[in-house]
Amino acid sequence: MKRVIEGVRVVLMGMANAFLIEGNEGLTLIDAGYPGKEAAVFGTIRGLGRSPDQLKQLIFTHGHPDHIGSAAAIVRETGARTYMHPLDIPMAESGGPFRPMRAAPGLLRRVMCKLFYHPDERLEPVAIDQPLTAGEILPIAGGIEVIHTPGHCAGQVALLWRPGRMLFAGDVCTNLMGLGDPVGIESLTEGRASQRKLASLSFDAAGFGHGAPIARDASTRFRNKWGKKSFA
Ligand SMILES: [Zn+2]
Ligand SMILES: [Zn+2]
């Protein structure tokens, strides 16, 4: 149970991260990791001196197996309301198969994509209560802005928690050995546009589906990597 910034804990759920936001009206979880990892979420909640039934919202950055894996078990225990972009809802509500993805550029990602992404995987389905709309600001934890960021996955969103100035980037990028591409992509062109979109925003902290969170000056790093002045 590691604190990223005041009010945000990272929850390790296999090789994927979830994030817990403490708000006045209850707790909010961003993403639900690999299957069988729900105990990590409940442990983090109890570590805060709260109980699992205080988890009120579960917002997904996208519908891939490593982000919805423990969702059904978490909802069963907590009754949390679920949120996802409409384009990914069919994957979550069927529990698979998942849309095919090809590897992002580079040998390492080609190997990792084959190892870790299995479109034919079947998971316990999770019902989505509320579809997310691009540009809306959810009245949760003081305001969470929804930014549609396709490329890795058509229904992917990034979430900007305004009071804490923290961006949850999902798999728009990873922070494994510095900021870089996700392992797989549906569209490289759209993925680049989404990375540039995030690089144009202002935020302090950032969390990723995979890799270490950044506590400070995160938007500077995004700008250096994908901003207008960068030719990388
Ligand atoms: Zn993904
Ligand atoms: Zn992922």
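Above: the structure in question.
The written sequence of each chain sets the order in which its residues are numbered from 1. Lettering for chains starts from A, numbering for ligands starts from 1, and both go in the order in which the items are written. Restriction of local features to residues with pLDDT of at least 70 applies here, the model being predicted, together with a cutoff of 80 or more for giving and counting side-chain atom pairs; totals for whole chains, interfaces and linings are based on all residues.

Here's the deal with the packing of helix H6 (residues 188-199) against helix H7 (residues 218-226)
At step 1: Close contact between H6 and H7 brings their axes to 8 Å; oriented N to C, the two are set at 140°. If you check the angle between H6 and H7, you find them oblique. Regarding H6 and H7, the two cross each other, and that crossing is left-handed. Contact residues: H6 offers Gln-195, Arg-196, Leu-198 and Ala-199, while H7 offers Phe-222, Arg-223, Lys-225 and Trp-226.
At step 2: Residue polarity is assigned by list, with Asp, Glu, Lys and Arg as charged and Ala, Val, Leu, Ile, Met, Phe, Trp, Tyr, Cys and Pro as nonpolar; anything else, Gly included, falls into the polar class. Of the residues assigned to the contact of H6 with H7, the class counts are 4 nonpolar, 1 polar and 3 charged. Helix axes are fitted only over the stretch in contact, all axes being lines through C-alpha atoms; the angle between N-to-C directions runs from 0 to 180 degrees. Helix and strand definitions here come from DSSP, where helices need a minimum of 4 consecutive H or I residues and strands a minimum of 2 consecutive E residues; each element is numbered from the N-terminal end. In this scheme, roughly parallel covers angles under 35 degrees and roughly antiparallel covers those over 145, while 65 to 115 is roughly perpendicular and the rest are oblique. What makes a crossing left-handed is the near helix being turned counterclockwise from the far one by less than a right angle; a clockwise turn instead makes it right-handed. It is the C-beta atoms, placed from the backbone, that decide contacts: two residues are in contact if theirs lie within 7 Å.

So, the environment of Ala-72
At step 1: Tracing the backbone shows Ala-72 in helix H3 (residues 71-78).
At step 2: Remark: the alpha-carbon pair of Ala-72 and Glu-124, spanning 52 residues in sequence, is separated by 6.4 Å.
At step 3: Those residues within four positions of Ala-72 in sequence are excluded, and the remaining contacts are Glu-124, Pro-125 and Val-126.

Considerations on the pairing of strand E2 (residues 8-12)
At step 1: Only strands joined by at least two bridges in the DSSP assignment are considered to pair. Pairing between strand E1 (residues 2-5) and E2: 3 bridges, direction antiparallel. In the sheet register, Arg-3 faces E2, and the bridge partner there is Arg-9.
At step 2: From the end of E1 to the start of E2, which pair antiparallel, there are 2 residues, and Gly-7 there has a positive phi angle of about 90°.
At step 3: Note that E2 and strand E3 (residues 17-23) share 5 bridges and pair antiparallel. By the bridge assignment for E3, Arg-9 is matched with Leu-20.
At step 4: Count of turn residues in the E2/E3 antiparallel hairpin: 4 residues, of which Gly-14 carries a positive phi of about 80°.

Describing the sheet that holds strand E12 (residues 166-168)
At step 1: What the 5 strands build is an open sheet, ordered E9-E10-E11-E12-E16; its pairing is mixed. Edge positions in the sheet fall to strand E9 (137-138) and strand E16 (205-207), since each has one partner strand and no second.

Describing the sheet that holds strand E8 (residues 130-131)
At step 1: Here 7 strands make up an open sheet; going across it, the order is E1-E2-E3-E4-E5-E6-E8 and the pairing mixed. A strand with exactly one partner marks an edge of an open sheet, and here the two such strands are E1 and E8.
At step 2: Pairing between E3 and strand E4 (residues 26-30): 5 bridges, direction antiparallel. Bridge pairing in E4 places Leu-20 opposite Leu-29.
At step 3: Helix-sheet contacts for helix H1 (residues 38-47) involve E2, E3, E4 and strand E5 (55-59), and the interaxial angle to E2 is about 150°.

Remarks on the packing of H1 against H3
At step 1: Close contact between H1 and H3 brings their axes to 9 Å; oriented N to C, the two are set at 40°. Classified by the angle between their axes, H1 and H3 sit oblique to one another. When H1 is examined against H3, the residues Glu-38, Val-41 and Phe-42 are found in contact with a partner set consisting of Ala-73, Ile-74 and Glu-77.
At step 2: For the contact of H1 with H3, the class distribution of residues is 4 nonpolar, no polar and 2 charged.

The quantities given are spatial measurements derived from coordinates; they are silent on function.
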